[in-house]
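# Examination of the molecular architecture
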Amino acid sequence: YDVFLLICQAWCCPWSRCCGMGDFRPRTVWLGHPEKREQRYPRNVINNQKYNFFTFLPGVLFNQFKYFFNLYFLLLACSQFVEELRLGALYTYWVPLGLVLIITIMREAIEEIRCYLRDKEVNSQIYSKLSTRGTVKVKSSGIQVGDLIIVEKNQRVPADMIFLRTSERNGSCFLRTDQLDGETDWKLRLPVACTQRLPTAGDLLQIRSYVYAEEPNIDIHNFIGTFTREDGDPPVNESLSIENTLWASTVIASGTVVGVVIYTGKELRSVMNTSNPRHKVGLFDLEVNCLTKILFGALVVVSLVMVALQHFAGRWYLQIFRFLLLFSHIVPISLRVNLDMGKMVFSWMIKKDSKIPGTVVRASTIPEQLGRISYLLTDKTGTLTQNEMVFRRLHLGTVAYGMDSMDEVQSHVFSAYTQPTHDLPASRAPAATKVRKTISSRVHEAVKAIALVHNVTPVYESNGVTDQAEAEQHYEDTCRVYQASSPDEVSLVQWTESVGLTLVGRDQSSMQLRTPTGQILNFTILQIFPFTYESKRMGIIVRDESTGEITFYMKGADVVMSGIVQYNDWLEEECGNMAREGLRVLVVSKKSLTEEQYQDFEARYVQAKLSVHDRSLKVATVIESLEMEMELLCLTGVEDQLQTDVRPTLEILRNAGIKVWMLTGDKLETATCTAKNAHLITRNQDIHIFRPVTTRGEAHLELNAFRRKHDCALVISGDSLEVCLKYYEYEFMELACQCPAVVCCRCTPTQKAQIVRLLQERTGKLTCAVGDGGNDVSMIQEADCGVGVEGKEGKQASLAADFSVTQFKHLGRLLMVHGRNSYKRSAALSQFVIHRSLCISTMQAVFSSVFYFASVPLYQGFLIIGYSTIYTMFPVFSLVLDKDVKSEVAMLYPELYKDLLKGRPLSFKTFLIWVLISIYQGSIIMYGALLLFESEFVHIVAISFTSLILTELLMVALTIQTWHWLMIVAELLSLASYVASLVFLHEFIDIYFITTVSFLWKVTVITLVSCLPLYILKYLRRRFSPPNYSKLTS
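Source: prediction; values computed, not measured. (Residues numbered from 1 in each chain as written. Predicted model: local features only at pLDDT ≥ 70, side-chain atom pairs only at ≥ 80, totals over all residues. Heavy atoms only, no water.)

### Looking at the overall build of the chain
Spelled out, the test is: Where helices and strands are cited, they refer to DSSP runs of H or I of at least four residues and of E of at least two residues respectively, numbered from the N terminus. Only protein chains enter the accessibility calculation, which uses a 1.4 Å probe; a residue is then buried when its area is under 20% of its type maximum, exposed when over 50%, and partly exposed in between. In these tables, accessible area is a Shrake-Rupley quantity obtained with a 1.4 Å probe, and a residue counts as shielded only by the protein chains included in the view.
For the chain, the count of helices and strands is 36 helices and 33 strands. In terms of its C-alpha atoms, the chain occupies a principal-axis envelope of roughly 130 × 75 × 65 Å. The buried share of the chain, reckoned over its 1034 residues, is 52%. Here the chain has roughly 48,200 Å² of accessible surface; of this, 58% comes from carbon and sulfur atoms.

In structure tokens, the structure reads:
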């Protein structure tokens, strides 16, 4: 056993290293000295290919033949090399199989070549490297850990680096990270202070310094490391965090930067975050798979019956194999190819639809899923809303200012900077002035706080008249744009500008505000505590240069701020009121610090930041020592407006029988208000707001209270949801699934994915997830259909989704028109391909039974190949253009979509009907040919085969509901190609016989008997039991 374990370890170790599962370790990286490395690091090569030159063919063939049916057809074809099993020419089995494989190999090869060219382009990009020989050019693939790389503005960062120097005067740079985290807003990055102070970039090679970096990991939002300069006097130690990093795949947005490479190749953060999403297999494909298994069972049964009727005489086991080969057409080899080509056509139609411009199909294997969605799970911010923030409300506790009273705020700010600072003597000052003075100073204090507590940077761009440098020097209003990591922050800074206090400049260590009088206020930034999803707040410590005052400002969500600010009686109530109006609420507070208090804090903060173990915990503890008894200044209310046509789209989805759930990270009141505003919850619907629960008992009581409600929308928070799912998963999901609408607020990304998974498991219905941000990716990948909306939060959700749309309103057409058509067309196409195969198999069965159960093929050589290719392929495939109603009608009557949710277009009932039709037609054609032929066997082949081709073409015409000109071309082309090919088929068909009147009337009679009853039945059904869509089209 020990020997076995050793062998396993010896096999697994190189494999795990090759696959990137090796042991990642922290590292010490010497600046500009890659030769000093302590361990081997991977090459800096991006490789997204599935195969290489040697593994391509074996890999593709293995992936094809690991499925039972492809393997089955391969075994059939191989059996023809055995003389006793051979039924005809080898090509009758190898050509169809070869055709399927060639199409697959070509498709895979094209994808691999595209992938290789994309990778080659990235790996061949040229960068400048600092070396002892000066600046040298190096390819991206030649970069090593320890190299000093220069990256220009608008250039991609080639490897994970620590930021050492920048050419920007303000000592910082901006990064575009949309290809890494999906966020379109620029990120501010800071160089290592010690290296930024060096006179030139070349001096980096003259100092003895190294970076200690943590082991490579998947977290793109955090980093722990230290920078050490040994030859300094004294030696310099600096802590490194996420602010000092330049991750690969980001783009430098300002200046030229120099960085030292710390991770390469498969250890890059971007590569480690590229997970392979689950391969989605459509429900339709699984159903077709199930039907083909039934057909395979039928094939085995028919073969056994044939041998049994021979009383298992002689070498009966060989006869079973011969019959399996003879009836192999029961399982149609062309089914998979037809369906795959159909999916490609449906995807192309979606892309080309001018009514939904910009729609991209990234998963062309599942368009039918769009036609059977029962649950739609949507994000709120940026999906239902525009993620365009508009400042609506400033609340000071005793007074609130709305959009109509912003001029009052403006006058208060103006008076704060124009009135002399000395007060009137108390005896002469009227009481009203005193009150107004305090209100005025409170408004000014609140506006000043909002103008300072943020991460916004004003960026100046040339506007054609003024160049960039001049605009920056004079703070030119027309050239200024604000950059921040959140649209909320930009809207707040734009509002302070509108009321008179303008943010005009900012760098790493200072901020400049301009007052209404044009005076510039200078503030030194002492510390910044950025916003995180865990802390839900951000803080800043600034020193006013004119007075020397040190102030700690903080803003954040009410849930965390209520425990930080001094006691008051209005915060909770007003936050609730503003949230009910659909506003996003932030609480702003401040605390004045003495110089001694700040120095004490700074010492403890620097010490905490230098620790390598539990750094984040120690830093949080130090910051929390400041966050006590802060003065509450104001509440801000920002509105996120609804996207266009969200209400009618949700109405369409509801009428189509789709239940919509909204999963958002926003607070309960805002989420509820948006749900009402978007008519997700209708006006006459009751709402049950699930009370916060923390224990099993509370959850039990609340679920019982909810059970007594009927036809009522549910609103629940993420914390309560977690408790319910922990103790009462089945009961909660059962009740929630009965609700007309569900709103889950304060949801984490993993909770969103968990809800999707539970819906799939509990209901067995198809789910569709719609989102626009990086936090929606897990939900999108978990759902049966993931739809990404390209929005303000970037393209991460859109790139991870199966379908990408530019607006939420396009979802209605995507489902009602394209989803419905794709599903109905695929159902018709698959059943018709099965019918085509069963027809010829029935004829073979009749032929064999008449001729003493002989295992002799009825049609040989080219006839059998031509039947499923050039003679019938185009008309059958033209069914992908069929439609029962116009797209306008499908949008006007979404109730038509509801019919598809029951899966009626492809069910055991419809399959059985097509089987019976096939048996009827196959029997009529074969018995008709046997009855009407006169002398030679070759006449049977001519009559039956021609009748079969005509029957198939007429059946396509019978199935079509709306004719397209390409369908008519396909029918005529197929008929013409059959007639033309008769000249070359003299080996199988008597050319002189087919020109006689006898042949023509016999074929006509047989074809009429096989098709006319079905036409009559179709007419009667349309007359007395018409389907829903026919009532609308008439």
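### Topic: the packing of aromatic side chains
Note the threshold: Two rings from Phe, Tyr or Trp (for Trp, the six-membered ring) form a pair when their centres sit within 6.5 Å of each other. Planes less than 30 degrees apart are called stacked, planes more than 60 degrees apart edge-to-face, and all others tilted.
Within the structure shown, the criterion is met by 21 aromatic pairs. Here the aromatic rings of phenylalanine 81 and tryptophan 94 are separated by 5.8 Å at their centres, their planes lie at 50°, and the arrangement is tilted. Residue phenylalanine 81 is located in the loop between α3 (68–79) and α4 (91–123), and its partner tryptophan 94 is located in helix α4; the two are separated by 13 residues in the primary sequence. Under the relative-accessibility criterion, tryptophan 94 is labelled partly exposed at 29%.

### Topic: the confidence of the model for the chain
Which entries qualify depends on this criterion: For every residue, the pLDDT score states the predictor's confidence, bounded by 0 at the bottom and 100 at the top. Whether two residues are in contact is decided by their heavy atoms, any of which lying within 4.5 Å being enough.
For the chain, mean pLDDT is 84; residues scoring 70 or higher make up 92% of the total. Segment residues 1–21 is flagged for pLDDT under 50; beyond a separation of four residues in sequence, or across chains, it makes six contacts in the model.

### What to know about the sheet that holds strand β7 (residues 186–189)
We count it as follows: Strand pairing follows a simple DSSP-based rule, namely that at least 2 bridges must link the two strands.
With respect to topology, three strands assemble into an open sheet ordered β7-β6-β12, the strand pairing being antiparallel. Edge positions in the sheet fall to β7 and β12 (251–252), since each of these pairs with one other strand and no more.

### Description of the pattern of salt bridges
Operational definition: For salt bridges, the criterion is a side-chain nitrogen of Lys or Arg within 4 Å of an Asp or Glu carboxyl oxygen.
Inspection of the entire model under this criterion finds 27 salt bridges. Among the ionic pairs, glutamate 627 bridges to arginine 537, the shortest N-O distance being 3.0 Å. Taken together, the residues glutamate 627 in the loop between α18 (615–624) and β26 (631–642) and arginine 537 in strand β23 (residues 537–544) connect sequence positions 90 residues apart. Each member of the pair glutamate 627 and arginine 537 is classed as buried. Across the salt bridge formed by arginine 762 and glutamate 729, the nearest N and O atoms sit 2.6 Å from each other. You can see arginine 762 sitting in helix α24 (residues 749–763) and its partner glutamate 729 sitting in helix α23 (residues 729–738), a full 33 residues away along the chain. Looking at arginine 762, the relative accessible area reads 38%, which means it is partly exposed. Via salt bridges that share partners, Asp285, Lys343 and Glu368 belong to a single interconnected network.

### Focus: the domain arrangement of the chain
The line we're drawing: The source of the domain bounds is an automatic or database domain assignment. Note on definitions: buried area is the accessible-area loss of two parts on being combined, 1.4 Å probe, summed for both.
Splitting the chain by domain gives domain 1 (26–274), domain 2 (283–356 + 812–1031), domain 3 (375–384 + 643–805) and domain 4 (387–639). Taken together, the 10 residues of domain 3 in the interface contact 12 residues of domain 4. Taken together, the two surfaces of domain 3 and domain 4 that pack against each other cover about 970 Å², and 54% of this comes from carbon and sulfur. Where domain 3 packs against domain 4, one counts zero salt bridges.

### Observations regarding the UniProt feature "binding site: Mg(2+)" (unreviewed entry) in the chain
Stated formally: UniProt positions are given in the numbering used here, feature names are shortened, and annotations may be inferred rather than shown by experiment. By the criterion applied in these results, polar contacts are pairs of N or O atoms within 3.5 Å in which, for protein atoms, one can donate a hydrogen and the other can accept it, and in which residues neighboring in sequence qualify only through two side-chain atoms.
Mapped onto the present numbering, the UniProt feature "binding site: Mg(2+)" (unreviewed entry) falls on Asp379, Thr381, Asp772 and Asp776. Of the residues just listed, which span 398 residues, no C-alpha pair is farther apart than 10.8 Å, and they cluster in one region. Tracing the backbone through its elements, the reader meets threonine 381 in the loop between β15 (373–378) and β16 (385–395). Inspection of the secondary structure assignment puts aspartate 772 in the loop between β31 (766–771) and α25 (777–782). Within the structure, aspartate 772 has its side chain in polar contact with the side chain of threonine 383 (distance 3.4 Å).

### Describing the environment of glutamine 760
Tracing the backbone shows glutamine 760 in helix α24. The exposure class assigned to glutamine 760 is buried, which follows from its relative accessible area of 16%. When the C-alpha atoms of glutamine 760 and glutamate 545 are compared, they prove to be 60 Å apart, with 215 residues separating the residues in sequence.

### Some details on the packing of helix α8 (residues 283–309) against helix α27 (residues 810–850)
Quick reminder of the rule: Interaxial angles span 0 to 180 degrees and are taken between N-to-C directions of axes, which are lines fitted to C-alpha atoms, for helices over the stretch in contact. Comment on the angle field: the value is read as roughly parallel under 35 degrees, roughly antiparallel over 145, roughly perpendicular from 65 to 115, and oblique elsewhere. In this classification, Asp, Glu, Lys and Arg are treated as charged, Ala, Val, Leu, Ile, Met, Phe, Trp, Tyr, Cys and Pro as nonpolar, and every other residue, Gly included, as polar.
It is at 12 Å that the axes of α8 and α27 come closest, and there the two elements cross at 5°. By the angle class used here, α8 and α27 are roughly parallel. On α27, the residues touching Phe284, Glu287, Val288, Leu295 and Met306 of α8 are Tyr823, Ser826, Ala827, Ser830, Ile834, Leu838, Ala845, Ser848 and Ser849. Class assignment of the residues belonging to the contact of α8 with α27 gives a composition of nine nonpolar, four polar and one charged.

### Quick word on helix α17 (residues 595–610)
Where we set the bar: Every helix has an expected span of 1.5 Å times one less than the residues it contains.
A rise of 1.5 Å per residue sets the reference length of α17, with its 16 residues, at 22 Å; its end C-alpha atoms lie 23 Å apart and thus fit the reference within 8%. Elements that come into contact with the buried residues of α17 comprise β22 (520–529), β23, β24 (550–556) and α18.

### Overview of the sheet that holds strand β20 (residues 502–506)
Ordered in space as β17-β16-β26-β25-β24-β23-β22-β21-β20, the nine strands form an open sheet in which the pairing is antiparallel. Two strands lie at the open edges of the sheet, namely β17 (400–401) and β20, each paired on one side alone.

### Some points on a nonpolar patch on the surface
Quick reminder of the rule: Patches draw on residues past 30% relative accessible area with no salt bridge. Two like charges within 9 Å are joined, as are two nonpolar side chains (Val, Leu, Ile, Met, Phe, Trp, Tyr) within 5 Å.
Taken together, Leu954, Leu1008, Leu1012, Tyr1015, Ile1016, Tyr1019, Leu1020 and Phe1024 make up a surface patch of nonpolar side chains, about 800 Å² in accessible area. No other element matches helix α35 (residues 997–1024), which puts seven residues into the nonpolar patch. For leucine 954, the position within the fold is in helix α33 (residues 937–959).

### Things to note about helix α11 (residues 406–418)
Between its first and last C-alpha atoms α11 spans 18 Å; for 13 residues at 1.5 Å apiece the expected length is 18 Å, and the two agree. Burial in α11 covers these residues: Met406, Val409, His412, Val413, Ser415 and Tyr417.

### Some thoughts on unusual backbone geometry
In this structure, aspartate 645 is a non-glycine residue whose phi angle is positive, near 60°. Locating aspartate 645 in the fold gives a position in the loop between β26 and α19 (646–655). With a relative accessible area of 42%, aspartate 645 lands in the partly exposed category. If you check the backbone angles, aspartate 711 has positive phi at about 45° while not being a glycine.

### Describing the environment of arginine 514
Looking at the secondary structure, you find arginine 514 in strand β21 (residues 510–514). Along the primary structure arginine 514 and threonine 502 are separated by 12 residues, whereas in three dimensions their C-alpha atoms are 5.1 Å apart. Discounting residues that sit within four places of it in the chain, arginine 514 has contacts with Tyr475, Asp477, Arg480, Gly500, Leu501, Thr502, Val504, Gln519 and Ile520.

### With respect to the pairing of strand β2 (residues 126–131)
Where burial is concerned, most of β2 is hidden: five out of the six residues are buried. Pairing geometry for β2 and strand β3 (residues 134–139), over six bridges, is antiparallel. Across the sheet, tyrosine 127 pairs through a bridge with valine 138, a residue of β3. Counted along the chain from β2 to the antiparallel partner β3, the turn is two residues long. Bridge count between β2 and strand β4 (residues 148–151): three bridges; the pairing is antiparallel. Following the sheet pairing, serine 128 is matched in β4 by isoleucine 150.

### As for a positive patch on the surface
Threshold: When charges are counted, Lys and Arg contribute as positive and Asp and Glu as negative, whereas His and the chain ends are disregarded. Where a charge sits is defined by one atom per residue type, namely NZ (Lys), CZ (Arg), CG (Asp) or CD (Glu).
On the surface, Lys898, Lys902, Arg904, Lys909, Lys1018, Arg1021 and Arg1022 cluster together to form a positively charged patch. Per element, the largest residue contribution to the positive patch is three residues, and it comes from α35. Its relative accessible area of 57% is what places arginine 1021 among the exposed residues.

### Side note on the packing of helix α2 (residues 56–65) against α4
We count it as follows: By definition, any crossing whose near helix is turned counterclockwise from its far helix by less than a right angle is left-handed, and any crossing with a clockwise turn is right-handed.
Running from N to C, α2 and α4 point in directions that differ by 125°, and their axes come no closer than 11 Å. By the angle between their axes, α2 is oblique relative to α4. Crossing handedness for the pair α2 and α4: right-handed. On α4, the residues touching Phe56, Leu57, Val60, Leu61, Gln64 and Phe65 of α2 are Leu101, Thr104, Ile105, Glu108, Ala109 and Glu112. Classifying every residue of the contact of α2 with α4 by side-chain character gives eight nonpolar, two polar and two charged.

### Details of the environment of glutamine 844
Mapped onto the elements, glutamine 844 comes out in helix α27. In sequence terms glutamine 844 and tryptophan 186 are 658 residues apart; their C-alpha atoms lie 70 Å from each other.

### Examining the state of the cysteines
Condition: Here, two cysteine sulfur atoms that lie within 2.5 Å of each other are counted as a disulfide.
Within this structure, the stated rule accounts for zero disulfides. Just so you know, cysteine 1011 is unpaired, no disulfide at all, and the nearest cysteine sulfur is the one on cysteine 839, 8.9 Å from it. Of the residues examined, cysteine 1011 reaches a relative accessible area of 3% and is grouped as buried.

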